[in-house]
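Residue strings, one per chain:
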Amino acid sequence: MYARTLAWWTILRIGVEERLVYRGDFALATLMRFLPIVTQIFLWWAVFDSIGGVQAQANIVGYRFENVVAYYLLTMVSRAFSSMPGLASGIARQIRNGEIKKYLIQPMDMIGFLLLSRLAHKLAYYAVAMIPFAIVFFLCRGYFVDGWPDASTLAAFVASLVLSFLLGFFLETSIGLIGFWWLEVSSLLFVYMLLSYFLSGHMFPLDMLPAPWHYLVDVMPLKYLAYFPSAVFLGKVTGPDMVRELSIAAGWVVFFIVLSRVMYRLGVKRYSGFGG
Amino acid sequence: MAIIELRALSKSYRVYQKAEGLRASLRGLFRREYREVRAVRGIDLDVEQGEFVAFLGPNGAGKTTTLKLLSGVINPTAGEARVMGFVPWKRENAYRRRFALVMGQKNQLWWDLPAQESFRLHQQIYRIEPASYQATLDELTQLLDVRTLLKQPVRELSLGERMKMELIAALLHSPDVLFLDEPTIGLDVVAQHNIQQFLKFYQHRRRITILLTSHYMKDVGALCRRVVVIAQGQIRYDGSLSGIIDSFSGHKVVTLLLDQQQTANGFERFGQVLEFQPPKVKLRIERGAVPSTLAAILDQHAVLDVAVEDPPLEEVIAELFSQVDERYQQHAASGD
């Protein structure tokens, strides 16, 4: 057990170090995250302006301009946890060019290794991004009209972020592992990104959706990647709903953990049977 | 008991076949045609503990496939293999901690970080005791003379230096069996020599078992007493390197130094003239006919000096490969 923990720690440490090698790229990637949200805020500002002005209490399906901005800022936080740039395509690439052999030859679990590397990258990212995030949230504090949430909501928010990280990781890992069968997953990934953009709440708050749709979105995994943590923070999810939705998110995490394990096992079987 | 045992080991691949052109590409969308490639066709082999064995063979002969089977990356289509009592493709951790595979064309180290970071990770994954890790690392870095390079990112190392680091990474957990797939590919003569010297020394000292594939006869000549020639997925020869010449070359090269006064014509009747630069003549003569032919030459010509030699090894092996290839083509053409 101790040996395993030590190995995990080393993978984590090396992952952080690797991330810090390209300082320029790292800094740019950290700052660039803030760019799309600026354009989105301007877009919504224009929308609200056209229906009567930002100041004039105009509202779209229950959202005032301030609510929209607060929502997007929070979505940015949840996406910082759940987005996994390069994970699925990286797995597919490793399968295609044979780097996957490393995990077959060495006494090392690929999914565990990738999880720790990803965790390391995220930690390095948060450590640095904390400052600009804090500045942005401070400057935009006026948009959070309901103030700071209470401790239990905050705890649920943290839990939802952890779940969104795990869900994002295992979901994208499963997509990447399709590479054992297809070799090229970029088109599939594109479709996933597109769906995710709409159905995770990245593009608009999902509670804007009319009746039959939000039931569907509720049980799908994507909403737990971006919308759900933001909704928790804004106090939109309470009581039994909170328990139910946290359970659904946890259920999806378990589902994708199992799925990725099964896929890896079958994929390796196929790889070692046909390819190599 | 042999440390590596292969029994009737076979591996076939399915390879997608596509005719030229767009129409064939479209057809390929719906119906794919596959051809079965029998990369390894029934190999039997025993390797004893402490042997250093070379796999020789033309490209696509099945050498690398065999190493992949032995390291458990792929499953065989048929047959059995045991390495140190383990079935490789079960990929048990107990087995994986006791062998290593180094591929000359693949990089296993973290590209952007110094090699020592990768080594540290290996220490953890292979559960190497800190004291023995340090001792092994010191020994290997000293032997390979890379101590000063440990802190340099791997991407900034030369190919030769990187290969040394790959070897260290592979040997840190003191494997009992080492598979080397073209470890000196692309290296210059000096780097090749360094790697050879190291492997020779290390193998001798630790008495580990090594299987090596290489295209460089120098590697093989310097390192391995036992050579296994693989072609078309089968073992064609198993024995000493010099034995290849005896088994596969039916001729000798006879060099004559003629007296200046001699007319140097008419040597064609003794054998194939390889080189004709009077007063020197080089002939290729059937092995069995060497004594009688030589007697006839000496009888009819004034000869100052004679040298009878084996043809160069590279030549014999090239010939062997092409023979095997021809035989295979005929075999294939006859409908099997």
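Quick caveat, the model's predicted, so the values are computed rather than measured.

Participant: What is the right way to read the overall build of chain A from this model?
Facilitator: A tally of helices and strands in chain A yields 13 helices and zero strands. Taken from the N to the C terminus, the helices and strands of chain A come in the order α-α-α-α-α-α-α-α-α-α-α-α-α. In terms of overall dimensions, chain A is globule-like: its C-alpha atoms have a radius of gyration of 20 Å, near the 19 Å expected for 276 residues. Over its C-alpha atoms, taken along the principal directions, chain A stretches across nearly 65 × 40 × 35 Å. In chain A, which comprises 276 residues, the proportion classed as buried is 48%. Within chain A, residue pairs in contact and separated by at least 24 positions form 77% of the contacts whose partners lie at least 6 positions apart. Element-wise, carbon and sulfur atoms account for 72% of the exposed surface of chain A, whose accessible area totals about 13,400 Å². Averaged over its 21 positive side-chain charges, chain A has a centre that lies 10 Å from the centre of its 15 negative ones.

Participant: What is the right way to read the environment of His173(B) from this model?
Facilitator: All names here are of chain B. Counting through the fold element by element, His 173 comes out in the loop between helix H6 (159-171) and strand E6 (177-181). Among all residues touching His 173, those that are not within four sequence positions of it are Arg 96, Arg 97, Arg 98, Phe 99, Ala 100, Tyr 126 and Ile 128. Within polar-contact distance, the side chain of His 173 engages the backbone oxygen of Phe 99 at 3.0 Å.

Participant: So what exactly am I meant to see when it comes to unusual backbone geometry here?
Facilitator: Note on backbone geometry: most residues besides glycine have negative phi, and most peptide bonds are trans. Residues and elements named next belong to chain B. One non-glycine residue, Arg 91, adopts positive backbone phi at about 50°. In this fold, Arg 91 is placed in the loop between strand E4 (78-83) and helix H3 (93-96). Not every positive phi belongs to a glycine, and Glu 182 is a case in point at roughly 50°. The topology assignment puts Glu 182 in the loop between E6 and helix H7 (189-206).

Participant: Mind showing me how you'd approach the confidence of the model for chain A here?
Facilitator: In low-pLDDT regions, the fine details of the predicted coordinates are not to be read closely. Considering every residue of chain A, the mean pLDDT works out to 87; 97% of them sit at 70 or more. Across chain A, the secondary-structure element scoring lowest on mean pLDDT is helix H2 (residues 23-32) of chain A, at 78, and the one scoring highest is helix H8 (residues 151-177) of chain A, at 95.

Participant: Would you explain helix H10 (residues 186-199) of chain A in this entry?
Facilitator: Note: α-helices contain 3.6 residues per turn, so residues at a spacing of three or four share the same orientation. All names here are of chain A. Taking 1.5 Å per residue, 14 residues should reach 20 Å; H10 reaches 19 Å between its end C-alpha atoms and fits that length. Those residues of H10 not exposed but buried are Leu 189, Tyr 192 and Ser 196. Down the axis of H10, the smallest arc covering the buried residues is 60°, so these residues share one side. Residues of H10 that are exposed and point more than 90 degrees away from the buried face comprise Ser 187 and Phe 190. Against the buried residues of H10 lie helix H5 (87-97) and H8.

Participant: How do you make sense of the interface of chain B and chain A when you look at a structure like this?
Facilitator: You'll often see interface size given as the accessible area lost when the parts meet. In this complex, chain B contributes 29 residues to the contact, which on the side of chain A involves 30 residues. When the two sides are added together, the surface that chain B and chain A hide from each other amounts to roughly 2,800 Å², 59% of it contributed by carbon and sulfur. The three residues of chain B that bury the most area against chain A are Val73(B), Trp110(B) and Gln124(B), which together make up 21% of that side's buried surface. Our count for the contact surface shared by chain B and chain A stands at one salt bridge. Where chain B packs against chain A, one counts six residue pairs in polar contact (both at pLDDT 80 or more). Listing elements by their share of the side of chain B that touches chain A, those giving two or more residues are strand E1 (4-17), H3, strand E5 (99-103) and helix H4 (115-125) of chain B. By residue number, the principal contributor to the side of chain B that touches chain A is H4(B), which donates six residues.

Participant: Where do I start with the packing of aromatic side chains in this structure?
Facilitator: Two descriptors summarise a pair of aromatic rings, namely the distance from one centre to the other and the angle between the planes of the rings. All chains considered together, the criterion is met by 30 aromatic pairs over all chains. Above the face of the Phe138(A) ring, Arg141(A) is positioned so that its terminal group lies 4.2 Å from the ring centre.

Participant: Help me understand the sheet that holds strand E11 (residues 272-277) of chain B, please; the structure alone is not making it clear to me.
Facilitator: What holds strands together in a sheet is hydrogen bonding between their backbones, with the strands either parallel or antiparallel. Residues and elements named next belong to chain B. In spatial order, the strands read E11-E12-E10-E13; together these four strands make up an open sheet with antiparallel pairing. Edge positions in the sheet fall to E11 and strand E13 (303-309), since each of these pairs with one other strand and no more. Ignoring strand direction, the axes of neighbouring strands in this sheet form an average angle of 20°. Inspection of the sheet shows E11 paired to strand E12 (residues 280-286) by five bridges, in the antiparallel sense. Bridge assignment links Gln 272 to a residue of E12, and that residue is Arg 284.

Participant: Explanation requested: helix H7 (residues 110-139) of chain A in the structure shown.
Facilitator: Between its first and last C-alpha, H7(A) extends 42 Å over 30 residues, near the 44 Å set by a 1.5 Å rise per residue. Residue Ala129(A) marks the point of greatest curvature in H7(A), where the axis turns by about 45°; the proline Pro132(A) follows within four residues.

Participant: How do you make sense of the packing of helix H3 (residues 34-50) of chain A against helix H4 (residues 65-82) of chain A when you look at a structure like this?
Facilitator: Two packed helices can be described by the angle between their axes and the distance between those axes. All names here are of chain A. Viewed as axis vectors pointing N to C, H3 and H4 meet at an angle of 165°, and their least axial separation amounts to 10 Å. Viewed along their axes, H3 and H4 adopt a mutual orientation that is roughly antiparallel. The crossing of H3 and H4 is right-handed. Residue-level contacts link Phe 34, Ile 37, Gln 40, Ile 41, Trp 44, Trp 45 and Phe 48 of H3 to Phe 65, Val 68, Val 69, Tyr 72, Leu 73 and Met 76 of H4. Here the residues of the contact of H3 with H4 sort into twelve nonpolar, one polar and no charged.

Participant: Can you help me understand the pattern of salt bridges in this one?
Facilitator: If charged atoms from side chains of opposite charge come close, those side chains can pair. Here the structure, examined in full by the defined rule, presents 22 salt bridges over all chains. Of the charged contacts in the structure, one is a salt bridge between Arg13(A) and Glu117(B), with a shortest N-O distance of 3.2 Å. Here Arg13(A) is found in helix H1 (residues 2-19), whereas its partner Glu117(B) is found in helix H4 on a different chain. Of the residues examined, Arg13(A) reaches a relative accessible area of 26% and is grouped as partly exposed. The exposure class assigned to Glu117(B) is buried, which follows from its relative accessible area of 13%. One salt bridge in this structure joins Arg206(B) and Glu139(B), with 2.9 Å as the shortest N-O distance. Residue Arg206(B) is located in helix H7, and its partner Glu139(B) is located in helix H5 (residues 130-144); the two are separated by 67 residues in the primary sequence.

About the cut-offs
Residues numbered from 1 in each chain as written. Chains lettered and ligands numbered in written order. Predicted model: local features only at pLDDT ≥ 70, side-chain atom pairs only at ≥ 80, totals over all residues. Heavy atoms only, no water. Helix = DSSP H or I, 4+ residues; strand = E, 2+ residues; numbered from the N terminus. Rg over C-alpha atoms; globule rule 2.2 N^0.38 Å. Buried < 20%, exposed > 50% of the residue type's maximum accessible area, 1.4 Å probe, protein only. Contact = heavy atoms within 4.5 Å. Areas by Shrake-Rupley, 256 points an atom, 1.4 Å probe, with all protein chains shown as cover. Lys, Arg positive; Asp, Glu negative; His and termini not counted. Charge placed at Lys NZ, Arg CZ, Asp CG, Glu CD. Polar contact = N/O pair within 3.5 Å; in protein donor to acceptor, adjacent residues only side chain to side chain. pLDDT = per-residue confidence, 0-100. Expected span 1.5 Å × (residues − 1). Arc of directions from axis to C-beta. Buried area = accessible area lost by both parts, 1.4 Å probe. Salt bridge = Lys/Arg side-chain N within 4 Å of Asp/Glu carboxyl O. Phe/Tyr/Trp six-rings, centres within 6.5 Å; stacked < 30°, edge-to-face > 60°. Lys NZ or Arg CZ within 6 Å of the ring centre and 35° of its normal. Pairing = 2+ DSSP bridges. Axes fitted to C-alpha atoms, helices over the stretch in contact; angles between N-to-C directions. Bend = angle between axes of the 7 residues up to and from the residue. Parallel < 35°, antiparallel > 145°, perpendicular 65-115°, else oblique. Left-handed = near helix turned anticlockwise from the far one by under 90°. Nonpolar A, V, L, I, M, F, W, Y, C, P; charged D, E, K, R; others polar.

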